[in-house]
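Understanding the architecture of this molecule
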Amino acid sequence: MVIPARVVFNWDFRPYMVSRCWRSYLQILYKKPVINISELNASLYNHIEELSLVDVMRKDILKMKKYFVACRNASANRLLLLLQSRQHFVVNSDMYSLRDLVDVENKSLVNALSQVHSLYASQVRRDCEICRNRGCVCEICNSSQAIFPFDRDVFICPHCSSTYHENCFENAIHDCSRCSRRRQSKSTNTTLVSADDLDS
């Protein structure tokens with residue numbers, strides 16, 4: 001049997017002899033997403049290229065999911081069910097089953113997930129008008145070309161989730177336009193409240 005601990009800590013998929021009891025237990029767990037790579041051995045992402053690719057695609061898919069849950073076309077086409085055999089992929093990006101890791105090692109997961117990722121990206125960027133119209137506009141360069149949170153070379157504000165071209169944001173002294181407006185609005189409101197207090 002492939003031993004989960006040896007996979008997580010040594011990326012070792014060689015089969016080992018185990019007791020009948022442990023064999024049954026590992027077979028039960030084989031498809032269950034109970035392994036958190038980020039917590040147990042995040043350095044694997046730096047050393048295993050296929051695992052890093054899967055991690056990126058899973059995070060992208062979670063960003064695309066936000067478009068699908070608000071789109072009647074995606075619901076009608078039941079797009080999220082394309083991952084029904086690995087339903088945890090549309091819930092989080094951290095948890096893996098032993099089967100997932102075995103399929104990363106034999107490269108079958110990278111190939112299968114790439115196809116789903118491409119289909120999802122096409123649905124949002126091109127095929128669905130509803131999803132396409134929910135694309136973001138970089139408020140720094142104001143380009144008419146919509147950008148999406150799962151695009152490469154974009155920056156997503158950790159405070160308000162606004163999306164910018166990475167180069168635009170770096171050239172704008174790393175300041176988010178929306179957050180800046182919110183700060184100014186809050187400052188203005190505070191000033192008005194203070195003036196009202198003085199009048200009273």
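Refer to the preceding data block for the structure.
So, here's what we can say about the structure. Residue indices begin from 1 for each chain and proceed along its sequence in written order. Local features in a predicted model are, by the rule used here, given only for residues with pLDDT of at least 70; side-chain atom pairs are given and counted only at 80 or more, and totals for whole chains, interfaces and linings are based on all residues. Excluded from the side-chain calculations are hydrogens and water; all other atoms, namely the structure's heavy atoms, are used.

1. Overview of the environment of R134
We apply this condition: Strands are runs of DSSP state E lasting at least two residues, helices are runs of H or I lasting at least four, and both sets are numbered from the N terminus onward. Should any heavy atoms of two residues lie within 4.5 Å, those residues are considered in contact.
Along the chain, the position of R134 falls in the loop between α9 (129–132) and β3 (154–156). In this structure the C-alpha to C-alpha distance between R134 and E166, which are 32 residues apart in sequence, comes to 19 Å. Excluding anything up to four places from it in sequence, R134 contacts K66, Y67 and A70.

2. What to know about the pattern of salt bridges
Spelled out, the test is: Here a salt bridge means any side-chain nitrogen of Lys or Arg lying within 4 Å of a carboxyl oxygen belonging to Asp or Glu. For every residue, the accessible area obtained with a 1.4 Å probe (protein chains only) is divided by the maximum for its type, and the residue is called buried under 20%, exposed over 50%, and partly exposed between those limits.
Using the criterion set out here, one finds nine salt bridges in the structure. The partner of R86 in a salt bridge is D100, and the shortest N-O contact between them spans 2.5 Å. Placement of the pair is R86 in the loop between α6 (72–77) and β2 (95–96) and D100 in helix α7 (residues 98–105), with a sequence separation of 14 residues. Residues R86 and D100 agree in their burial class; the two are buried.

3. Quick word on the nonpolar core
The condition that has to hold: Put simply, buried Ala, Val, Leu, Ile, Met, Phe, Trp, Tyr and Cys residues joined by side-chain atoms within 4.5 Å make one nonpolar core.
Core analysis: the biggest nonpolar cluster contains 48 residues, and W11, I37, L51, F68 and L101 have the highest contact counts within it. For this core, the elements supplying multiple residues, two or more each, are α1 (4–10), α4 (44–47), α5 (49–68), α7, α8 (108–127) and α10 (166–171). In this view, I37 contacts V8, A42, L44, Y45, L51, D94, Y96 and L101; residues no more than four positions away in its chain are not counted.

4. Here we look at α8
What counts here: Take the number of residues in a helix, subtract one, and multiply by 1.5 Å to get its expected span.
Between the first and last C-alpha of α8 there are 27 Å, a value that for 20 residues agrees with the 28 Å anticipated at 1.5 Å per step. All of the buried residues along α8 are L109, V110, L113, V116, H117, Y120, A121, S122, Q123 and V124. On its buried face, α8 is in contact with α5, α6, α7 and α9.

5. Comments concerning the packing of aromatic side chains
The condition that has to hold: Only Phe, Tyr and Trp rings are paired, with Trp represented by its six-membered ring, and only when their centres lie within 6.5 Å; those with planes under 30 degrees apart are stacked, over 60 edge-to-face, the remainder tilted. Only when the NZ atom of a Lys or the CZ atom of an Arg is both within 6 Å of the ring centre and within 35 degrees of the ring normal do we say a charge sits over the ring.
Here the structure, examined in full by the defined rule, presents eight aromatic pairs. Three or more aromatic residues joined by ring pairs form one cluster here, namely Y67, F148 and F150. Between R6 and the ring centre of Y16, over which it is positioned, the NZ or CZ distance is 4.3 Å. R58 extends its terminal NZ or CZ atom over the ring of Y96, reaching a point 4.6 Å from the ring centre.

6. What about the layout of surface pockets?
So the rule is basically this: Here the term cavity refers to a set of points on a 1 Å grid, laid over the protein atoms alone, in which a 1.4 Å probe fits but cannot get out; the term pocket refers to an open set having protein on both sides within 12 Å along at least five of seven lines, with lining residues being those that place an atom within 4 Å of a point. Grid points are joined across faces, edges and corners, and a volume is the space filled by probe spheres set on the points.
Roughly 180 Å³ of internal volume is contained in the largest pocket. Lining of the largest pocket is provided by K63, K66, Y67, R134, C136, P149, I156, S161 and T163. Broken down by element, the lining of the largest pocket gets its largest block of residues, three residues, from α5.

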